Amino acid sequence: MSAQQGQTLAPAGEWAAELAELQQRRASALAMGGAQALARMRDSGRMNARERIAALIDQGSFHEMGTLAGKGHYDAQGRYSHTDPTNAIVGTGRIDGRKVALHVDDYSIRAGSSEGTIADKWIYIERLAHQLRMPLVRLVDSAGGSVKLLMQLGGTKIPEYTTWPAQELLQTVPVVGVALGACAGQGAVKVLSSHFSVLVRGQAQVMAAGPHVVRQAYGVEVDKNELGGHLAQRKSALVHNEAEDEADALAQVRRFLSYLPRSVHELAPVVACDDDPHRADDWLKDAVPRDRRKIYDPRRILAAVFDQGSLFEIGRWQGGSLLTLLGRLNGVPVGVIANDPKVQGGAMTLQAAYKMERHTRLCSQFGLPVVNFVDQPGNATGLEAELAGTLLGAVRLGEALAHCRSPWVSILMRRCFGMAGALHGPKGGARLNHRFAWPSARWGSIPIEGGVMAAHKAEIEAAPDPAARRAELEAHYLAMTSPFRTAEKFGVLDIIDPRETRRVLCDWVEDAWYVVRGDLAQRSAGA
C-alpha cells in the first residue's frame, strides 16, 4: 500500500461523492488481478507485486503513481462501477533511507503481458528516474507481448517505444533488473538492460521467446527452464546473479545499491567502519603455496583484506576464472577483481574478459576505485578458445581499461603473463598503473614452464634424460624471475608482505577517494 493510501479519510463536504469515488477507484487498484489470481500466486509460493514492493523498500515509504490508470467500467447511466487496473505498478520508495524509482509487473493481471498494461505508465516512471536522477529497480514478471493486444488496438504497430529513455538511464543512474517469473521478449530486455540483474532459481526465466513460440518456429520441444532458467544463464552470462528465492533476490538488490551513488552526479556512500585498517591476518603470509601446481582460495584472501562482511560478489557462475565483487576499504566503496586459479587456472577466457570489462565500466561510470588481485597465467589457448574469439574479448577489455576513470591499484599475487597479464590495469593516460607485488609473484611474456619447452624443445628431446634437462632449464630461468629483480629496476612499485596488504590498500583508498571527489563534475558530464 502506498504512503498516500495508508489511511482512508471519511468523505465529507461538497465533494463527498467524488472523494468516495476516489476511494473506490483506489480499492480497485489494490485488488490487483482479483482474489483467485492472487490465491494462485500464493499457492505457488510466489509473492504478489505489492508484497514484493513491501519486501524491498523501507516500511511505509512507497509513493505510488498512476494508481487510477486502467480500464474503467460504467453502468448504463454512466456511473462508475469498477476498474480493471493496469499490470504495471510504479512509484518511488526508499531503500535504507535512499530514494529509488520502482517499475513492478503485476503478474496477477494478464500474466504481466502487454495486453494488460498501459506503456505510458511504466515509461513515465523510467523517465522520472532519469530526469530526477534516482536509481531504478525493475521487478519483472512478464509474459511479454500478446496477440490479443491487436484486438485492443484494432491493428498493429511498429515495435518501438520512442519515449523510453533506456540507454539514457544506463548512462545516468544505477539500474537493476530482477527476474521473478517467465520474462520473455520485452520482459527479458527490462531485466538485461541494467547494471545488475538477478534471477530466482527454479522460478524465473529470461528468454527471447517461450516454448510455444520455439515450437512453432523450429518444431522443437523445449522446457522454459532449459531456454532461460538459471542453468542456461550461467552459460550465457546474460544475468549477473542467481537467488535462492524472492527474498534473497530482493536482498541482493538492496546490497548492490548500497555501494552505488544515486546517480553519476553524486558520490557513492561511505559508511562508518570499525574494522582496523592495520589489521594483519597472519595466515596470509602463506596464502599462496610455494608449489606452483597447488591452488588456493582467492575468496578467503579477499575476505581477509577488505572490511569484514563487506564483499558482494557479482557473476559468480560466469567466467569463473575471474571474480568481480563490490567491497569496502575503511568504509569506502570499491570495485574488486581477482583471478581464481581453481577455474581453468585463472586464465582469461572470453567470458572472463567480458565479465572484467563490464565491471570496469560499472566502476568507472559510478566513481568506484578498483583493486585487482592478479594471478593471470595468460589468455586461454586451444581450439575451443580460438573458435570462441577469446582474443577479441581481451581486446575489448583493453578498450574499457583505456577509458576507465577510476583510480586503480593491482596486487600481483602469483602470475602475470602475456597479453592477458598486461590487462591487469589501465596504462598511460591520466591514471598511474599503481601496483604492488607479493614475494610469490612472477611475471613475463610467457610462463616459464611452457616457454622452456617452446624455446628448448630440440635440446630437451635430445637429452639422455629429457625430464631432468627440462627441470634443470626451468630452474635456471625461474631464478631470473624473482620479483626482487624487477623491484631493483623499479619495474614494480614495491614488494610487500601479504599481511601488509590491508594497511597498504586502506592508505591508498584515502587518496583514491580524494581523486574521485575531485573528478565528480567531470564524471557527471560524461567526460
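Before any of the text, the structure's been laid out above.
Residues numbered from 1 in each chain as written. Predicted model: local features only at pLDDT ≥ 70, side-chain atom pairs only at ≥ 80, totals over all residues. Heavy atoms only, no water.

1. What about the overall build of the chain?
At step 1: Along the backbone of the chain there are 22 helices and 19 strands.
At step 2: A total of 527 residues make up the chain; the buried ones form 50% of that total.
At step 3: Accessible area of the chain: about 24900 Å², with a carbon and sulfur share of 55%.
At step 4: One finds the centroid of the 60 positive side-chain charges in the chain at a distance of 1 Å from the centroid of its 57 negative side-chain charges. (Helix = DSSP H or I, 4+ residues; strand = E, 2+ residues; numbered from the N terminus. Buried < 20%, exposed > 50% of the residue type's maximum accessible area, 1.4 Å probe, protein only. Areas by Shrake-Rupley, 256 points an atom, 1.4 Å probe, with all protein chains shown as cover. Lys, Arg positive; Asp, Glu negative; His and termini not counted. Charge placed at Lys NZ, Arg CZ, Asp CG, Glu CD.)

2. Examining the pattern of salt bridges
At step 1: The final tally for this structure, using the stated rule, is 28 salt bridges.
At step 2: The residue Glu 242 makes a salt bridge to Arg 201 at a minimum N-O spacing of 3.1 Å. Placement of the pair is Glu 242 in strand β11 (residues 241-243) and Arg 201 in the loop between β9 (196-200) and β10 (205-207), with a sequence separation of 41 residues.
At step 3: Glu 242 sits in the buried class, given a relative accessible area of 12%.
At step 4: Three or more residues are tied together by salt bridges with common partners; here these are Asp 297, Arg 299, Glu 313, Arg 316, Asp 340 and Lys 342. (Salt bridge = Lys/Arg side-chain N within 4 Å of Asp/Glu carboxyl O.)

3. As for the pairing of strand β13 (residues 322-329)
At step 1: For β13, a buried count of eight out of eight residues is recorded, marking the element as mostly surrounded by other parts of the structure.
At step 2: Here strand β12 (residues 312-314) runs beside β13; their pairing, made up of three bridges, is antiparallel. By the bridge assignment for β13, Ile 314 is matched with Thr 324.
At step 3: Counting the residues that bridge the hairpin from β13 to strand β14 (residues 332-339) gives two residues, and of these Asn 330 lies at a positive phi of roughly 50°. (Pairing = 2+ DSSP bridges.)

4. So, the environment of Gly 187
At step 1: Its location among the elements puts Gly 187 in helix α7 (residues 186-192).
At step 2: Taking the relative accessible area as the measure of exposure, Gly 187 reaches 2% and is therefore buried.
At step 3: With 45 residues separating them along the chain, Gly 187 and Ser 142 place their C-alpha atoms 5.4 Å apart.
At step 4: Not counting the four nearest positions on each side in its chain, Gly 187 is found in contact with Val 140 and Ser 142. (Contact = heavy atoms within 4.5 Å.)

5. Some words on the packing of helix α13 (residues 350-366) against helix α15 (residues 390-403)
At step 1: Look at α13 against α15: their axes get within 8 Å of each other, and the N-to-C directions meet at 15°. With respect to each other, α13 and α15 are oriented roughly parallel. As for how α13 packs across α15, the hand of that crossing is left-handed. Contacts between α13 and α15 pair Leu 350, Ala 353, Met 356, Glu 357, Thr 360, Arg 361 and Ser 364 from the former with Thr 390, Gly 393, Ala 394, Arg 396, Leu 397, Ala 400, Leu 401 and His 403 from the latter. (Axes fitted to C-alpha atoms, helices over the stretch in contact; angles between N-to-C directions. Parallel < 35°, antiparallel > 145°, perpendicular 65-115°, else oblique. Left-handed = near helix turned anticlockwise from the far one by under 90°.)

6. Here's the deal with the sheet that holds β11
At step 1: Here we have seven strands laid out as an open sheet, ordered β1-β4-β5-β6-β7-β9-β11, and mixed in their pairing. Two strands in the sheet have a free side with no partner beyond their single neighbour: β1 (63-65) and β11. Looking at each pair of strands side by side, their axes are set apart by 20° on average, direction ignored.
At step 2: Sheet analysis places β1 next to strand β4 (residues 88-95), joined by three bridges and oriented antiparallel. The residue of β4 that forms the bridge with Met 65 is Val 90.
At step 3: Against the sheet, helix α3 (residues 49-56) engages β1, β4, β5 (98-105) and β6 (136-140), with an angle of about 160° to β5.
At step 4: Sitting on the sheet, helix α4 (residues 119-131) touches β1, β4, β5 and β6, and the angle it makes with β4 is about 25°.

7. Points about the packing of α3 against helix α11 (residues 246-258)
At step 1: Where α3 contacts α11, the two axes come as close as 9 Å, and the packing angle between them is 45°. The orientation of α3 with respect to α11, classified from their angle, is oblique. When you trace α3 past α11, the crossing you get is right-handed. Residues Arg 52, Ala 55 and Leu 56 of α3 touch α11, and the partners they reach there are Glu 246, Leu 250, Val 253 and Arg 254.
At step 2: Counted by class, the contact of α3 with α11 contains four nonpolar, no polar and three charged residues. (Nonpolar A, V, L, I, M, F, W, Y, C, P; charged D, E, K, R; others polar.)

8. Remarks on helix α12 (residues 298-305)
At step 1: Of all eight residues in α12, six are buried; the element is thus mostly enclosed.
At step 2: Taken together, the buried positions of α12 are Pro 298, Arg 299, Ile 301, Leu 302, Ala 304 and Val 305.

9. A few points about the nonpolar core
At step 1: Counting residues in each nonpolar core, the largest one holds 90 residues, and the members touching the most others are Leu 56, Leu 102, Phe 256, Phe 306 and Phe 373.
At step 2: Among the elements that take part in this core, helix α21 (residues 501-518) stands out by supplying eight residues, more than any other.
At step 3: Beyond its immediate sequence surroundings of up to four residues, Phe 256 is in contact with Val 176, His 195, Phe 196, Phe 312, Ile 314, Leu 326 and Leu 362.
At step 4: By size, the runner-up hydrophobic cluster in this structure holds 16 residues, among which are Ala 101, Leu 136, Trp 164 and Ala 166. (Core = buried A, V, L, I, M, F, W, Y, C linked by side-chain atoms within 4.5 Å.)

10. As for the packing of aromatic side chains
At step 1: One pass over the structure, following the stated rule, counts six aromatic pairs.
At step 2: Ring plane angle 70° and centroid distance 6.0 Å describe the contact between Tyr 74 and Tyr 80, whose orientation is recorded as edge-to-face.
At step 3: For Tyr 74, a relative accessible area of 48% puts it in the partly exposed group.
At step 4: An aromatic cluster of at least three residues, connected via ring pairs, comprises Phe 196, Phe 256, Tyr 259 and Phe 312.
At step 5: Arg 25 extends its terminal NZ or CZ atom over the ring of Tyr 80, reaching a point 4.0 Å from the ring centre.
At step 6: Sitting over the face of the ring of Trp 283, Arg 300 holds its NZ or CZ atom 3.7 Å from the ring centroid. (Phe/Tyr/Trp six-rings, centres within 6.5 Å; stacked < 30°, edge-to-face > 60°. Lys NZ or Arg CZ within 6 Å of the ring centre and 35° of its normal.)

11. Overview of a nonpolar patch on the surface
At step 1: A grouping of Leu 391, Leu 392, Val 395 and Met 419 is seen on the molecular surface, where their side chains present a nonpolar patch of about 360 Å² in accessible area.
At step 2: The greatest single-element share of the nonpolar patch, amounting to three residues, is contributed by α15.
At step 3: Position of Val 395 among the secondary structure elements: in helix α15.
At step 4: Exposure remark for Val 395: the relative accessible area of 40% places this residue in the partly exposed category. (Patch = residues over 30% accessible without salt bridge, like charges linked within 9 Å, V, L, I, M, F, W, Y side chains within 5 Å.)

Any functional reading would require information beyond the geometric quantities listed.
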